[in-house]
Amino acid sequence: MRLLKIIPDNTNIQFVRIRHIAFAITLLLTIAAVAIVGIRGLNMGVDFVGGVSIEEKFATPPQLDEVRSTVNGLGLGEATLQQLGGKNTVTIRMPLPASNAPDAVDQMVERVKTELAAKFPGATFSNYSTVSGKVSDELIRNGVLAVLLAIIGIAIFSWLRYEWQFGVSTAVAIIHDVLMTLGFFALTWMVFDLNIVAAVLTIIGYSINDKMVIDDRIRENMRKYRKMGMAELIDLSVNETLPRTVMTSLTILLALASLLIFGGHVLRSFTAAMMLGVVVGTYSSIYVSSSLLITLGLKPGPRDEKPGVASNAERVGPREG
């Protein structure tokens, strides 16, 4: 049986040739993501804003305005609602109770549960979680710090392992991936909680893994074809690693698609973030970080040449049009 080859042998796509178009698209998407986050903001979960999150499942998809008026009528504070899954499950976020009594939260949840069960026959209580304001502030700070340290650490590693141009291009590509994820959550208004921070860090890990494979091949080819132009050399390197990049991305997407369909609403936001991150990370690895090396002025430096090797060390690649 013949092996399935999604990318044919001797593929020779001229990625560098359209790098300016790719850079323009990347810049526009990045500006759009920042603008959406700045205008709409993120739908922060209880992990980050503090409060009580109650999950209620209804027999049929309810009218959110009716549920909101019922909960607000209890005088416990302004409620924020979001439908999950098949619209039957609703998350109700409320501020922490003013009382400091040990059972104040339990009493609040019990009142909401009782009122909804009376107003909507068949409504059942699932669970609730609570986070204090102090803890939420610490979680925001730690989450942002974790992402920033990951980006800085990866950039320094690429700089020390290769050249400073690799560190800069990798950092730019990863920042692009993170901003795309934030823009997606601002646009869709999905809940942004600690699970999404974990997804962002996982996306960074996937992106750097993909970029390191291409960077390693570029470095190897810089030694092997030391007189080849950078545009041709980068096209050669990306095409040589393209089957691995595409197959890895597709297999991950298949696994994530199964998780998205069968994992339930609890994992839906996490899975959606991961799927977006894989697609955006693959795009940035091919079209952003690699081509950016030319803009940053990376050139094959003088290498030690062994006798009898120079004549066989050249490969004619496609020239940039």
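The rules we used
Residues numbered from 1 in each chain as written. Predicted model: local features only at pLDDT ≥ 70, side-chain atom pairs only at ≥ 80, totals over all residues. Heavy atoms only, no water. pLDDT = per-residue confidence, 0-100. Helix = DSSP H or I, 4+ residues; strand = E, 2+ residues; numbered from the N terminus. Contact = heavy atoms within 4.5 Å. Axes fitted to C-alpha atoms, helices over the stretch in contact; angles between N-to-C directions. Parallel < 35°, antiparallel > 145°, perpendicular 65-115°, else oblique. Left-handed = near helix turned anticlockwise from the far one by under 90°. Nonpolar A, V, L, I, M, F, W, Y, C, P; charged D, E, K, R; others polar. Phe/Tyr/Trp six-rings, centres within 6.5 Å; stacked < 30°, edge-to-face > 60°. Buried < 20%, exposed > 50% of the residue type's maximum accessible area, 1.4 Å probe, protein only. Patch = residues over 30% accessible without salt bridge, like charges linked within 9 Å, V, L, I, M, F, W, Y side chains within 5 Å. Areas by Shrake-Rupley, 256 points an atom, 1.4 Å probe, with all protein chains shown as cover. Salt bridge = Lys/Arg side-chain N within 4 Å of Asp/Glu carboxyl O. Pairing = 2+ DSSP bridges.

The share of residues in the protein chain with pLDDT of 70 or more is 84%, and the mean pLDDT across the chain is 77. Here helix 2 (residues 46-49) stands out as the least confident element of the protein chain, with mean pLDDT 68; helix 1 (residues 19-40) is the most confident, with 89. In the predicted structure, residues 302-321 sits below a pLDDT of 50 and forms 28 contacts with residues beyond four places in sequence or in another chain.

As a further point, take the packing of helix 7 (residues 194-224) against helix 9 (residues 268-295). Relative orientation of the contacting elements helix 7 and helix 9 amounts to 30°, with a least axis distance of 9 Å. Considering the angle they form, helix 7 stands roughly parallel to helix 9. Along this stretch, helix 7 crosses helix 9, giving a crossing that reads as right-handed. In terms of residue class, the contact of helix 7 with helix 9 is built from twelve nonpolar, eleven polar and two charged.

What follows concerns the packing of aromatic side chains. Going through the model one piece at a time under the given rule, you end up with five aromatic pairs. Between Phe 58 and Phe 120 the ring centres are 5.2 Å apart and the planes differ by 85°, which places this aromatic pair in the edge-to-face class. Of this pair, Phe 58 sits in the loop between strand 2 (51-57) and helix 3 (64-72) while Phe 120 sits in the loop between helix 4 (104-119) and strand 5 (124-131), and the two are 62 residues apart along the sequence. Taking relative accessible area as the criterion, Phe 58 reaches 4% and is therefore assigned buried. Judged by its relative accessible area of 11%, Phe 120 is buried. Taken together, a centroid distance of 5.7 Å and an interplanar angle of 90° make the contact between Phe 185 and Phe 192 edge-to-face. Phe 192 carries the same exposure label as Phe 185, and that label is buried. Site record: aromatic cluster; members linked through ring pairs are Phe 15, Tyr 283 and Tyr 287.

For the rest of this paragraph, the subject is the environment of Arg 226. Looking at where Arg 226 falls in the secondary structure, it is placed in the loop between helix 7 and helix 8 (230-262). On the basis of relative accessibility, which here comes to 23%, the residue Arg 226 falls in the partly exposed class. Note: C-alpha distance between Arg 226 and Lys 299 (73 residues apart in sequence) is 9.3 Å.

A few words on a nonpolar patch on the surface. On the surface, Ile 140, Val 144, Leu 148, Ile 152, Ile 156 and Leu 160 cluster together into a nonpolar patch covering about 550 Å² of accessible area. Mapped onto the elements, Ile 140 comes out in helix 5 (residues 133-161). We classify Ile 140 as partly exposed; its relative accessible area is 33%.

To continue, consider the packing of helix 1 against helix 9. Orientation of helix 1 relative to helix 9, taken along the N-to-C sense of each, is 115°, at an axis distance of 10 Å. Here helix 1 runs over helix 9; the crossing is left-handed. Facing helix 1, whose interface residues are Arg 19, Ala 22, Phe 23, Ile 25 and Thr 26, helix 9 presents Tyr 283, Tyr 287, Val 288, Ser 291, Leu 292, Ile 294 and Thr 295. Grouping the amino acids of the contact of helix 1 with helix 9 by side-chain chemistry returns eight nonpolar, three polar and one charged.

So, on to the pattern of salt bridges. Following the criterion strictly, the structure yields seven salt bridges and no others. Salt-bridge contacts for Asp 177 lead to Lys 211; the nearest nitrogen and oxygen are separated by 3.6 Å. In this pair, Asp 177 is assigned in helix 6 (residues 164-188) and Lys 211 in helix 7, connecting sequence segments 34 residues apart. Across this residue pair, the class does not change: Asp 177 and Lys 211 are buried. The salt bridge involving Arg 219 is made with Asp 216; its shortest N-O contact spans 3.6 Å.

Attention now moves to the pairing of strand 4 (residues 89-94). For a regular strand, side-chain orientation follows a simple rule: the groups alternate between the two sheet faces. Within strand 4, six of the six residues are buried, which leaves it mostly tucked inside the rest of the structure. Because side chains alternate across strand 4, one face comprises the buried residues Thr 89, Thr 91 and Arg 93, and the other comprises Val 90, Ile 92 and Met 94, equally buried. By the bridge criterion, six bridges tie strand 2 to strand 4 in an arrangement that is antiparallel. Across the sheet, Val 52 pairs through a bridge with Met 94, a residue of strand 4. When strand 3 (residues 80-84) meets strand 4, the two strands line up antiparallel, connected through five bridges. Looking across to strand 4, one finds that Leu 81 is bridged to Ile 92.

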